[in-house]
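# Breakdown of the fold
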Amino acid sequence: MNRFKTSKYKNTTPKVPKKDGWIASVRGSSFSSQGDRIKSSGSLVAFSTDQAGGGVLGLSSVNAAPDGKWTVTHISCHADLVTDLDFSPFDDYLLATCSADETVKLWRVCDPGQEQPGNPELTLSGADGRLERVLFHPAASGLLALASARAVQVWDVSRDAALTVLEQHEDQLQGLSWKEDGSLLASSCKDKKLRVFDPRAQSSAVQCVQGHQGNRDSRVLWVKDDNLLTTGFNQMRQQEVRLWDSRKLSSSLSSLSLATSNATLIPLFDPDSGLLIVSGNGESVIDCFEVNSGEPFLSQVSHCLTDLSTRGVALVPKLALDVSCCEVLRLMQLTDNFIVPISYQVPRKAGQDFHADLYPDTVGQTPAMTAEDWWKGDNKQVERVSLHPSKRPKPAAPSAQETKPKDLPRVKSKEVCGGARGDKCGRQTRWSYSVCLCCCQEASTSSSPLSSPSSSVAPSRSPSSTSGLSSGFLPSPSQSSRAIHSMLGPSSKFRHIQGAVLHRDAHISNLRGLHLTTPGECDGFCANGRRVAVPLAIAGGQIAVFELSQPGKLPDTALPTIQNSVNVADFCWDPFDTHKLVVAGDDAKIRVWRIPKGGLTETLTEPELVLRGHTEKIYSVKFHPHASGLLASSSYDLSVRLWSLETGEEVKRLSGHQDQIFGMAWSPDGKLLATVCKDGKVRLYDPRRSTLPVQEGPGPEGQRGARVVWVCDGKYLLVSGFDSRSERQLYLFSTESLASGSVASAPADVSPSTLIPFYDPDTSVLILTGKGDTRVYIYEIVPEAPYFMECSSFHSSEPHKGLCFLPKTECDVCDVEVARAIRLGKTTIEPVAFRVPRVKKEFFQDDVFPETAVWWEASLTAAAWLSGSNGQHRKISLRPKDMTPVSEAPKEAPVRKYLPSSVYLEEKTDEQKKEELLSAMVAKLGNREDPLPQESYEGVDEDEWDD
């Protein structure tokens, strides 16, 4: 390339859409693997998630729906971590996955919103050990390259064994890439070697050279003109990109050093334009280079700084690009909670002509040969197609006839073939049908769904778009009709809920000496509608009490406190008495304190009551939601005891726990008590009937801690805990059948602190955060799938000790405030309001403010409850007297929206615009019918012209 020649792609600009153009409801995987975390076909994008230990993939469309929204669905693929995934280059809906469970599965997935398959089309398990990479062959149908820790195999999916097993690598294999024509295979390894294989010629590498000098992960990619591109690290621990000539690997053609970082560089290459995308895993920088065949081999095109760090990146195939806006690349950036589509566009006059110089013919979706032809030595290129809007092939919609043949019942893998025509051939097959591939081919006809494609121009996403042996990929059963909510995706009315810290005039500041290491079973502090109790890091288990009605900066002098004389294990306010505080100590005693009116004015040393009975340290204390003076406590002695504060005596003792009791919660009606334990069990007690659990089921696998809360009118238990990988998870259990396990789960993130849940029964909104976190998770819990409907999160600027929520009467309903909490920071106590954005705030939003239970008033006594009585809270309306419910608001007449004149001008032809412009100019000059001045001049008589 002439270094002075200007590239037509040099001004390519990345266009990052606004946040409403991102794909939400995404949980990007945080697990480590050598494979890709996101891949795209022309129709779908698939990505790894943290769900089920990483065994679940997410699916979404490449393009948004006409209303601008995206639908995300999930498919459970493997019993262990999905380490890599790849779409077939010849079928947008054929997805291959490999896993740490040592299997490869092929899935015929569906559009988001449709029911996804429950079983794969094919399962291969020929590898020894965890699989790291899976790659479709770029030219032949039915060919896969599989890589385990050190070995690479090439599989024809119609056979029971690998076509070839390549030479073992000396260390962990990290990168794998097919050449564009599929003749060669390149790999990068932890031993710093770059290898090139000819799988059909020999099992050993045809070339092997020293690659990058750094010890960290490297990647390899075939680019144009027989060149290889690798990313890795140099000796200075800088990220490095190197270009190699595959015909002479003795030294690299060019090298480029980037930033000093630990992030693995992910390279993506477009052979049509020669553009290279490089993004660091965990970084927020995405670089674009142009790869040239001469000096300079690598020239930078753009440097994009994104809002979020990258979990993975994928390029959308060229056939899915929007050529009308000169889009030459589209990148799908996977982050923790979003997929961001980034469009790379060349700044030209868009929408007029097709810029053929930007869009050379690209590879189509019809395979050039079969796996058998390739293995015999054929080398054929995939036929290229035009990207011109009028010439490019249109993907066919799935046919209604695409159903599974009725004579092919599903059976377990490795069943003996029963024959397509009733004559058993006796072959063992890995297919999930009772007929092997050879019989399918013998029985297939040109009109069968298993036949080869009849046209090489119009690729179809039906099974007929593959040829030869790969035609054994049978379609999944026809899907059931989609309901409206399935098409649009479930949506919560609280999805845009906003948390905001109120003005500093309501803050209590200058807190000093806070105790920041309270036990995991303790919420860290507690609040009611009037005051806040905060533990201090002072000997003697001292607790400070602050009045919410007296905000401001605290004096630097010592404050009056409650002295418990022992370390505090847990404490809580009596819900029916804002002056009564119950404190559990390390000495197995429970102390009951009464705060005087107006707050603490002097240090308290003598409690009002001391409860004795536990033999070891107490975990937690919880008041009964209906009965006054009834308290439950759990202890290291593995018992749960009920106390009557009226008599000061123990009234019940519950047993059955085998290990530490992480958390307990009363049911909304006060009849049952739920506990979650370190022994991995969730238990339900009916204390008035039995001291042993009435139900028991499996709980969280992790043993770091857990909390439990009742949701959905007491029909479900929500447990926040940890999975076997010590990652935070949310679990939902049906209270009617604990033994059957959780009905749903949702991943949170990786953090050592347990998520402390708060559930608002009026709105079904669940708010969770942990001690030391900066993020507050918000969900709406519904009693049917999808169960967890994620809403917007609230982020604080610095870590907090936790949140305590106030009675509903403290909320400002005029501002659509559905919850109010007290946030304890390092030196401040701050009120936080959670609001739902609404337009007509002059009306009372009765759809989010139903009548609320007055849970701060007791409905019966402890003695009455123990004798068998049940109470119920009265309910009150939160509607102010001067506000009209929005459900009764008068409906406004529809107002016609007039479009700006520019819209109408755009709809007119150029000739019409010219005519209007000319008319306007003439009108401004004057009336064209007026006589011209020279017309009034008098000339000479006619006879004067005579000679």
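Scoring rules and cut-offs
- Residues numbered from 1 in each chain as written.
- Predicted model: local features only at pLDDT ≥ 70, side-chain atom pairs only at ≥ 80, totals over all residues.
- Heavy atoms only, no water.
- Pairing = 2+ DSSP bridges.
- Helix = DSSP H or I, 4+ residues; strand = E, 2+ residues; numbered from the N terminus.
- Axes fitted to C-alpha atoms, helices over the stretch in contact; angles between N-to-C directions.
- Salt bridge = Lys/Arg side-chain N within 4 Å of Asp/Glu carboxyl O.
- Buried < 20%, exposed > 50% of the residue type's maximum accessible area, 1.4 Å probe, protein only.

### So, the sheet that holds strand 49 (residues 661–666)
- As summarised here, the arrangement of the four strands in space is 49-50-51-52, forming an open sheet in which the pairing is antiparallel. Each end of this open sheet is capped by a strand with a single partner; those strands are strand 49 and strand 52 (695–698). Across the sheet, the axes of successive neighbouring strands diverge by a mean angle of 15°, strand direction being ignored.
- As judged from the four bridges shared by strand 50 (residues 673–677) and strand 51 (residues 681–685), these two strands associate in the antiparallel manner. Opposite Leu673, over in strand 51, you have Tyr685 as the bridge partner.

### Focus: the pattern of salt bridges
- All told, the structure shown has 43 salt bridges when counted by the stated rule.
- Two residues, Arg130 and Glu132, come together in a salt bridge whose shortest N-O distance is 2.8 Å.
- The salt bridge partner of Arg775 is Glu790, with a shortest N-O separation of 3.7 Å. A residue pair is termed long-range when its members are at least 10 positions apart, and Arg775 in strand 59 (residues 775–781) and Glu790 in strand 60 (residues 788–790) qualify at 15 residues.
- Arg775 sits in the buried class, given a relative accessible area of 16%.
- With relative accessibility at 28%, the residue Glu790 sits in the partly exposed group.

### Observations regarding unusual backbone geometry
- Residue Pro296 follows Glu295 across a cis peptide bond; omega there is -10°.
- In this structure, the amide linkage connecting Ala785 to the following residue, Pro786, adopts the cis form with an omega of 10°.
- Position of Pro786 relative to the elements: it lies in the loop between strand 59 and strand 60.
- Residue Asn510 is not a glycine yet carries a positive backbone phi of 65°.
- Counting through the fold element by element, Asn510 comes out in the loop between strand 34 (508–509) and strand 35 (526–527).

### Section: the sheet that holds strand 26 (residues 298–305)
- Reading across from one edge, 23-24-25-26 is the order of the four strands in this open sheet, with antiparallel pairing throughout. Because the sheet does not close on itself, it has two edges, and the strands there are strand 23 (265–270) and strand 26. The mean inter-strand angle of the sheet, taken between neighbouring strand axes irrespective of direction, is 20°.
- With five bridges connecting them, strand 24 (residues 275–280) and strand 25 (residues 285–291) associate as antiparallel partners. Bridging from a neighbouring strand, Ser279 pairs with Ile286 of strand 25.

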